[in-house]
Structure formats: structure tokens, C-alpha cells
Amino acid sequence: MAIVHKIGRRKTSVARVYLQEGNGEIFINGRELANYFPTAVLQYKVEQPFLITGTKEKYNVDIKVFGGGITGQAEAIRLAISRALCEVDADFRLQLKPEGLLTRDPRMVERKKFGQKKARKKFQFSKR
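Small disclaimer: the values here were computed from a predicted structure and weren't measured.

A. Structural detail: the overall build of the protein chain. Assigned secondary structure in the protein chain consists of four helices and five strands. The linear arrangement of helices and strands in the protein chain, starting from the amino end, is β-β-β-β-α-α-β-α-α. Expected size for 128 residues packed as a compact globule is a radius of gyration near 14 Å; at 18 Å, the protein chain overshoots this value by more than 25%. If one aligns the C-alpha atoms of the protein chain with their principal axes, the spans along those axes are about 70 × 30 × 25 Å. Within the protein chain, the proportion of its 128 residues that are buried is 36%. A separation of at least 24 residues holds for 66% of the contacts in the protein chain among residues at least 6 apart in sequence. Surface summary for the protein chain: the accessible area is close to 8,400 Å², and the carbon and sulfur share equals 52%.

Shown next as C-alpha cells:
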């Protein structure tokens, strides 16, 4: 099997995933998964596609991720890994699609409006 390259995005984070057969090693920006994402919740988000498809110890993953915060990065990585697994085996799509792992989350931060303190602060009401 050759190296499979896929991209995942979430908010302002962009993750490039390089998937190949191996023993389950995950490196993010040259660091191990547990070192890059210290919390168990974020580690689970990254490993979720492997746990659903039952391929946790089957593939090595090299990930380059930039932009956004750690939650956005973890979810971008999850999307990219899911896309890569679907390219490796089309049957994985039937397992990942119902879990919502192949859908790109389009929600972004709303921009700040001029003359206001925040994006959603209302203009001061005046009856006259």
C-alpha cells in the first residue's frame, strides 16, 4: 500500500494526514500523540476513526497541522484520518458516515461588527 494523503479542516485549523501500513504510531508535527494532545478527550477524538473501524494497530500516521486551537486541530485531524481510511477501504465509509466523521463542520467564528464590542452585541436601542 502506498502512502495516502488527505486534508481535513475545522474552524481555522488545517490538518494534512499521511497514512501508511504500520504498527499504529501517530506523530503530530514530529511529536507523539500523547505529547501533542495531553488530554484523553482530544486523544480519543484523533483515534476515533481507528476505533470505529477496528484498525487501531494497523496504520502509521504522520500528521502536519497548523492554525486554530487544540480542539479545532484535533477535529481537523479526525476528519482527515476518516477520509484517508475511506480511500484505503471503501467499506469503512459505511461505518464512519453514520457517526458523522465524514462531514466537514462548517461553523466558523462570526466576525466583529464595527461600532460594537463583540460580534453579537446589539446596537443601543433608541425610540426616537
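B. Examining helix α3 (residues 70-88) more closely. Spanning 19 residues, α3 covers 27 Å between terminal C-alpha atoms, matching the ideal 27 Å at 1.5 Å per step. Counting buried residues along α3, 14 of its 19 residues qualify, which places the element largely inside the surrounding structure.

C. Geometry of the packing of aromatic side chains. The tally for this structure, following the rule as stated, stands at one aromatic pair. On the basis of an interplanar angle of 90 degrees and a centroid distance of 5.0 Å, the ring pair of Tyr36 and Phe37 is categorised as edge-to-face. By relative accessible area, which is 15% here, Tyr36 ends up buried.

D. Representation of the pairing of strand β5 (residues 59-66). Both strand β2 (residues 13-21) and β5 contribute to a ladder of eight bridges, which runs antiparallel. Bridge pairing links Glu21 to Tyr59 in β5. Two strands pair when backbone bridges link them, and strand β3 (residues 26-28) and β5 are joined in this way by three bridges, in the parallel orientation. What sits directly across from Ile28, in β5, is Ile63.

E. Here's a closer look at unusual backbone geometry. In this model, Lys11 sits at a positive phi of 55 degrees, which is unusual for a non-glycine residue. Relative to the helices and strands, Lys11 is located in the loop between β1 (4-10) and β2. Judged by relative accessible area, which is 42%, Lys11 ranks as partly exposed. In this structure, Asn29 takes a positive phi of about 50 degrees despite not being glycine. Within the fold, Asn29 resides in the loop between β3 and β4 (31-32).

The rules behind these values
Residues numbered from 1 in each chain as written. Predicted model: local features only at pLDDT ≥ 70, side-chain atom pairs only at ≥ 80, totals over all residues. Heavy atoms only, no water. Helix = DSSP H or I, 4+ residues; strand = E, 2+ residues; numbered from the N terminus. Rg over C-alpha atoms; globule rule 2.2 N^0.38 Å. Buried < 20%, exposed > 50% of the residue type's maximum accessible area, 1.4 Å probe, protein only. Contact = heavy atoms within 4.5 Å. Areas by Shrake-Rupley, 256 points an atom, 1.4 Å probe, with all protein chains shown as cover. Expected span 1.5 Å × (residues − 1). Phe/Tyr/Trp six-rings, centres within 6.5 Å; stacked < 30°, edge-to-face > 60°. Pairing = 2+ DSSP bridges.

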